[in-house]
Amino acid sequence: MYFDPNAVRIPNGHFIDGRLIQENGNTLIVRRPADNAIVAELPIANANTVDQAVQNATQAYETTEWSMGAPRIRARLLRRWADLIEANKVALGQLEAVTSTRPVRDVIEIDIPYAADCIRFFAEFADKLGGEVAATRADHLGMVTSEPYGVVAAIAPWNFPITQAITKIAPALAAGNAVVLKPSEMTPFSALALAELAIEAGIPTGIFNIVQGTGAVTGDLLCRHPMVGKISFTGSTRTGEAIMTASAQSGIKPVTLELGGKSPQLVFSDVPDLDRVARAIAASFLNNAGQVCVAGSRLIVQRSIEAPLLDRIIALTKAIRPGPTWATTTTYSPLISHPHMERIDGIVKRAIAGGASVLTGGGRLSTVDDGAYYQPTILSGVRSESEAVREEIFGPVLTVQSFDDEDDGLALTDHKYGLAAGVYTGNINRALRARRRIQAGTIWVNRYGRSADFIIPTGGYNNSGIGKDLGRQAVEANLRHKSTLIAFDE
Ligand code: NAD
């Protein structure tokens, strides 16, 4: 079953003060990942447009019921927004599918319900926030209250455009801030549809604005704007470094950085069900063609079960159904672009030249159209120092390393990244030892991948970032605390 990708309405422009704004100026071409066709020319916001968006958001923050009214109003409007997103899931799902790597069925059945529930989860906090009364001497009253930052700059990546944007926006809004979002320049359109629905839900104009453009121009201008109070970023570690620099040079803004990963999956020979482990591992590097920050891209397996486990994973890689993102039968995504595919292929080819064995895949997957599809690829015989193990590939590539005893296996998990890790074992003591030893912000035991348990925060150790998305921690991260000490006469 297909829908016509050319019949989908594509909103375009910046979104400021409740409406789409088109401007003459620099633009960039945006392509459909599934067939490389040109979708639209996207405007690149310059300093004036970024300033207009931030000024407008500041004014909305300072004057509307969003931060001035009863907090339950915010909760109600956020819930209404979530309901509208779900009610429009077909149109929104088709827009997201045409303009990103996400197959339409996954968007409608997984991404949109996740986004709507994520907003509902954070809406619950809006009218339940409070502070503390501190223990002080009897003729003083000490209070610790929390306040929004005012305007939060949210910067999102392209791999899951709707859910990544909502993960940034929802806690910031629930905490009472206004948000200016810069979506990825490769997947800029679905955010505009979300903003239109926010207005329909009654969220005051200016509370959620969007500026479009490249990271180097628009993203940098947004991060450096003096009226931005906090930066909430998801993307690569290299961009995270640039954003920390921009923050440091423009008024020391607090940053939340959700960055890259190279997550290990450590499998011990005592696992009770090898088929189940194989399914979890295959899904972890095939979902969205491996373009997932927590992709479990490093398999570290106890030698005695290496062969039977790999046989099972390889069999699962043969069951993928690549196809256009607008076909409901598609289960395997294109890569975001041809340059991204060439980068991945370069890493794979250099690994092979360096002595790695290709157990499956190793090259481009031909499709009818000009989409950038890549074969699920498994590389063994790789060393920890090699580029394929060291660097985030962000594609459907799994490296395999093996070990004999527990200490050696745990030592192989060490990495400059620390976003997530999987541990598979039938021994609870071993699982708990591994949990303590592995340096990562999230450890999954006998399962792999994010769930819709929004209460569980996500975020990285080491080069994978600073701070948390999701959980109570994400609301806290969008608030600052003010201490007040009042002396009074006895
Ligand atoms: P990216 O860093 O290239 O871009 C992310 C966003 O930052 C885009 O909107 C981009 O325009 C903007 N940007 C780029 N340079 C900028 C600058 N100097 N100043 C301000 N903004 C700038 O990342 P990407 O290629 O879009 O996404 C893939 C990366 O994101 C991977 O590394 C992946 O692991 C990571 N990611 C992490 C998480 C997480 O939760 N930790 C989730 C999804 C993706």
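Note on numbering: residues in each chain are counted from 1, in written sequence order. Per-residue local features of the predicted model are confined to residues with pLDDT of at least 70, and side-chain atom pairs are confined, for both listing and counting, to 80 or more; whole-chain, interface and lining totals are unaffected and use all residues. Excluding hydrogens and water, the side-chain values take into account all heavy atoms of the structure.

Undergrad: I'd like to hear about helix α15 (residues 428-437), residue by residue, with values.
TA: For α15, the set of buried residues is Arg-430, Ala-431 and Ala-434. Along the axis of α15, the buried residues cluster in a sector spanning 100 degrees; they form a single face. Every exposed residue of α15 that faces more than 90 degrees away from the buried side is listed here: Ile-428 and Arg-436. Residue contacts are defined here by distance: any two heavy atoms, one from each residue, within 4.5 Å place the two residues in contact. The secondary structure listing takes helices from DSSP runs of H or I that are at least 4 residues long and strands from runs of E that are at least 2 residues long, numbered from the N terminus. Along its buried surface, α15 packs onto α14 (406-413), β18 (420-424) and β19 (442-445). Pairing of N or O atoms within 3.5 Å defines a polar contact, subject to two protein rules: one partner must be a possible hydrogen donor and the other a possible acceptor, and residues neighboring in sequence count only if both atoms are side-chain atoms. The backbone nitrogen of Asn-429 lies 2.9 Å from a side-chain oxygen of the residue at the head of α15, namely Asn-427. Relative accessibility under 20% of the residue-type maximum defines a buried residue, over 50% an exposed one, and the middle range a partly exposed one, all with a 1.4 Å probe and only protein chains included. In this context, the arc is that of the directions from the helix axis out to the C-beta atoms.

Undergrad: Tell me about a positive patch on the surface, and name the residues and values.
TA: Patch definition: residues above 30% relative accessible area lacking any salt bridge, with like charges linked at up to 9 Å and the nonpolar side chains Val, Leu, Ile, Met, Phe, Trp and Tyr linked at up to 5 Å. Residue burial considers only the protein chains on display, and all accessible areas are found by Shrake-Rupley using a 1.4 Å probe. A pairing counts as a salt bridge when a side-chain nitrogen of Lys or Arg comes within 4 Å of a carboxyl oxygen of Asp or Glu. This count recognises Lys and Arg as positive and Asp and Glu as negative, with His and chain-terminal groups excluded. By convention, the point assigned to a charge is CZ for Arg, NZ for Lys, CD for Glu and CG for Asp. A cluster of basic side chains, namely Arg-72, Arg-76, Arg-79 and Arg-80, defines a positive patch on the protein surface. With respect to the secondary-structure elements, Arg-76 resides in helix α3 (residues 71-87).

Undergrad: Describe the sheet that holds strand β22 (residues 479-487), and please don't skip the residues or the numbers.
TA: A pair of strands is treated as paired once DSSP finds two or more bridges between them. Strand order in the open sheet formed by three strands is β5-β6-β22, and the pairing between neighbours is antiparallel. Bordering the open sheet on either side are β5 (132-134) and β22, each of which pairs with just one other strand. For this sheet, the mean angle separating the axes of adjacent strands, direction not counted, is 25 degrees. When strand β6 (residues 140-148) meets β22, the two strands line up antiparallel, connected through nine bridges. Each bridged residue has a counterpart across the sheet, and for Thr-145 the counterpart in β22 is Lys-482. As a rule, the C-alpha atoms of each element are fitted with a line to give its axis, helices using only the stretch in contact, and angles between N-to-C directions run from 0 to 180 degrees.

Undergrad: Tell me what's going on with the domain arrangement of the chain, and back it up with residues and numbers.
TA: A common way to express how large an interface is: the accessible area buried when the components associate. The domains assigned to the chain are domain 1 (5-259 + 464-483) and domain 2 (264-453). Source of the domain bounds: an automatic or database domain assignment. Computed over C-alpha atoms, the centres of domain 1 and domain 2 are 30 Å apart. Each partner contributes residues to the interface: domain 1 has 25 residues there, and domain 2 has 30 residues. Here domain 1 and domain 2 share an interface that buries about 2,300 Å² over both sides, 60% of which is from carbon and sulfur atoms. Between the two partners, domain 1 and domain 2, sit zero salt bridges. If you look at where domain 1 meets domain 2, you find nine residue pairs in polar contact (both at pLDDT 80 or more). Of all elements in the fold, only α4 (89-98) and α5 (104-126) reach the threshold of two or more residues within the side of domain 1 that touches domain 2. Sort the elements by how many residues they give to the side of domain 1 that touches domain 2 and α5 lands first, with three residues. Tallied by class, the residues present in the side of domain 1 that touches domain 2 amount to 12 nonpolar, eight polar and five charged. Buried area adds together the accessible area that both of two parts lose upon being put together, with accessible area traced by a 1.4 Å probe. Each residue is assigned to one class: nonpolar for Ala, Val, Leu, Ile, Met, Phe, Trp, Tyr, Cys and Pro, charged for Asp, Glu, Lys and Arg, and polar for all the others, Gly among them.

Undergrad: Tell me about the site of the ligand, residues and numbers included.
TA: Residue proximity to a molecule or strand is established when one non-hydrogen atom of the residue lies within 4 Å of it. Within the structure, the ligand sits among 28 residues, and Ala-156, Glu-185, Ser-236, Thr-239 and Glu-392 are positioned closest to it. Contact distances for the ligand include 2.6 Å between an oxygen atom and a side-chain N or O atom of Glu-185. Here Ser-236 contributes a side-chain N or O atom positioned 2.7 Å from an oxygen atom of the ligand. When the ligand is considered free in solution it has 840 Å² of accessible area, and contact with the protein chains removes 88% of it. Here the shell around the ligand is built from residues that sort into 12 nonpolar, 10 polar and six charged. Here the shell around the ligand spans two domains, since at least three of its residues come from each of domain 1 (5-259 + 464-483) and domain 2 (264-453).

Undergrad: So, the pairing of strand β13 (residues 298-302): which residues are in play, and what are the values?
TA: When you tally the buried positions in β13, you get five out of five residues, the bulk of the element. Here β13 shows two buried faces, one formed by Arg-298, Ile-300 and Gln-302 and the other by Leu-299 and Val-301. Relative to β13, strand β12 (residues 264-267) runs parallel, the two sharing four bridges. Bridged to Gln-265 within β13 is Leu-299. The crossover handedness rule: strands pointing away from the viewer, path from first strand over the helix to second strand clockwise, crossover right-handed. Regarding topology, helix α10 (residues 274-286) serves as the crossover connection from β12 to the parallel β13, and that connection is right-handed. The sheet contact formed by β13 and strand β16 (residues 397-403) spans five bridges and is parallel.

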